[in-house]
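Reading the structure
Chain residues, written in single-letter form:
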Amino acid sequence: MIFDPESFEPEHFRWSFEEGVATVTLNRPERKNPLTFESYAELRDTFRQLVYAPAVKALVVMGAGGNFSSGGDVHEIIGPLTGMDMPGLLAFTRMTGDLVKAMRACPQPIVAALDGVCVGAGAIVAMASDMRLATPATKTAFLFTRVGLAGCDMGACAILPRIIGQGRASELLFTGRVMTAEEGERWGFHNRLVEAGALLNDAQALARSLATGPTFAHGITKTQLNTEWAVSLETAIEMEAQAQAICMATNDFRRAFEAFAAKRTPEFKGD
């Protein structure tokens with residue numbers, strides 16, 4: 001079943017779609033955009049459906065009101081969790097992890113537009129995105145230890161060290177301290193810093209540039225970035241040989257050659 005981005009109307013976040021780019025906006029600005037049981041599940045289901053959304057070429061994820069996300073809602077998630085039995089707790093942690101799996105499995109590149117508070121599960125959503133633009137006011141914290149939990153939440157111990165390195169990830173996950181915007185850029189968590197007034201425009205411009213590229217090939221790139229984490233170099237090279245051969249059989253590859261030969265810009269169509 002094809003997912004229709006034009007008619008999609010989520011209940012727990014805002015959605016817009018234009019020029020091949022979908023924008024997901026966490027929209028509880030009065031509480032700094034916390035996540036709830038319901039928004040976790042709807043986000044997870046949405047990213048899963050994007051596998052069946054060829055019209056969506058790239059995504060932007062952002063928060064409303066000058067903050068990205070304050071993470072799990074204290075009253076609507078953390079409070080109820082203290083009263084759950086182990087099966088209930090495990091069902092919850094598996095559901096939150098499934099959101100990260102769905103983000104990584106969807107073929108579209110995801111650009112996170114970060115501002116203000118970006119903590120807890122909000123920091124995880126940023127981490128699970130493919131690229132991150134941030135403002136100088138962005139404060140990111142994996143603050144799980146500060147509420148008595150382990151830093152190994154929603155794939156953080158697997159993904160964060162691959163972005164910023166083992167030592168820096170260890171510091172953030174053990175201490176729960178804030179990573180400043182400048183640190184985030186210097187360490188490679190943020191692709192770049194932009195002023196708050198330009199954040200959405202710059203994030204959507206980046207997403208549009210990806211949307212006009214060879215989107216089938218982008219999906220292959222994302223798949224290989226995910227699957228080559230745990231294989232030998234020999235296996236990775238063979239996987240990439242097969243993946244690139246598949247891309248060489250696409251019409252986009254032929255279009256690029258013909259455009260190059262004619263000294264014009266190629267128009268990719270994703271097939």
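Remember, predicted model here, so these are calculated numbers, not experimental data.

We now examine the sheet that holds strand S5 (residues 117-119). Read across the sheet, three strands follow the order S5-S7-S8 without closing on themselves; strand pairing throughout is mixed. Each of the sheet's edge strands pairs with one partner strand only, and the pair in question is S5 and strand S8 (179-180). In this sheet, S8 lies alongside strand S7 (residues 139-141) in antiparallel orientation, the contact comprising two bridges. Within S8, the position partnered with Lys 139 by the bridge is Thr 180. The strands that helix H4 (residues 121-128) touches are S5 and S7; relative to S5, the one it contacts most, it runs at about 85 degrees.

Spatially, six strands are ordered S1-S2-S3-S4-S6-S9 in an open sheet, and the strand pairing comes out mixed. A strand with exactly one partner marks an edge of an open sheet, and here the two such strands are strand S1 (14-18) and strand S9 (192-193). Pairing geometry for strand S6 (residues 131-134) and S9, over two bridges, is parallel. Of the residues in S9, the one forming a bridge with Ala 134 is Leu 193. The sheet strands contacting helix H8 (residues 199-211) are strand S2 (21-26), strand S3 (58-63), strand S4 (110-114), S6 and S9, and the helix crosses S3 at an angle near 165 degrees.

The next thing to look at is the nonpolar core. In this structure, Trp 15, Tyr 40, Phe 47, Leu 50, Leu 59, Phe 142 and Phe 189 are the most contacted members of the largest nonpolar core, which totals 53 residues. Apart from the residues lying within four places of it in its own chain, the contact partners of Trp 15 are Phe 3, Pro 5, Phe 8, Pro 10, Ala 22, Thr 23, Val 24, Thr 46, Leu 50 and Leu 59. With 15 residues, the next largest nonpolar core counts Ala 58, Val 60, Ala 113 and Leu 206 among its residues.

Packing of helix H5 (residues 156-164) against helix H6 (residues 166-175) brings their axes to within 7 Å, and their N-to-C directions diverge by 130 degrees. Considering the angle they form, H5 stands oblique to H6. For H5 against H6, the interelement crossing comes out right-handed. Contact with H5, carried on its side by Ala 156, Cys 157, Leu 160, Pro 161 and Ile 164, involves Gln 166, Arg 168, Ala 169, Leu 172 and Leu 173 of H6 and no other residues of that element. Residue composition of the contact of H5 with H6, grouped by class: eight nonpolar, one polar and one charged.

This next bit is on the pattern of salt bridges. Per the stated rule, a full pass over the model turns up 13 salt bridges. Between Glu 171 and Arg 177 there is a salt bridge, and its shortest N-O distance comes to 2.7 Å. Glu 183 is paired through a salt bridge with Arg 177; the nearest N and O atoms lie 3.1 Å apart. Taken together, the shared-partner salt bridges connect Arg 28, Arg 31, Asp 73 and Glu 76 into one network.

So, how was this worked out
Residues numbered from 1 in each chain as written. Predicted model: local features only at pLDDT ≥ 70, side-chain atom pairs only at ≥ 80, totals over all residues. Heavy atoms only, no water. Pairing = 2+ DSSP bridges. Helix = DSSP H or I, 4+ residues; strand = E, 2+ residues; numbered from the N terminus. Contact = heavy atoms within 4.5 Å. Axes fitted to C-alpha atoms, helices over the stretch in contact; angles between N-to-C directions. Core = buried A, V, L, I, M, F, W, Y, C linked by side-chain atoms within 4.5 Å. Buried < 20%, exposed > 50% of the residue type's maximum accessible area, 1.4 Å probe, protein only. Parallel < 35°, antiparallel > 145°, perpendicular 65-115°, else oblique. Left-handed = near helix turned anticlockwise from the far one by under 90°. Nonpolar A, V, L, I, M, F, W, Y, C, P; charged D, E, K, R; others polar. Salt bridge = Lys/Arg side-chain N within 4 Å of Asp/Glu carboxyl O.

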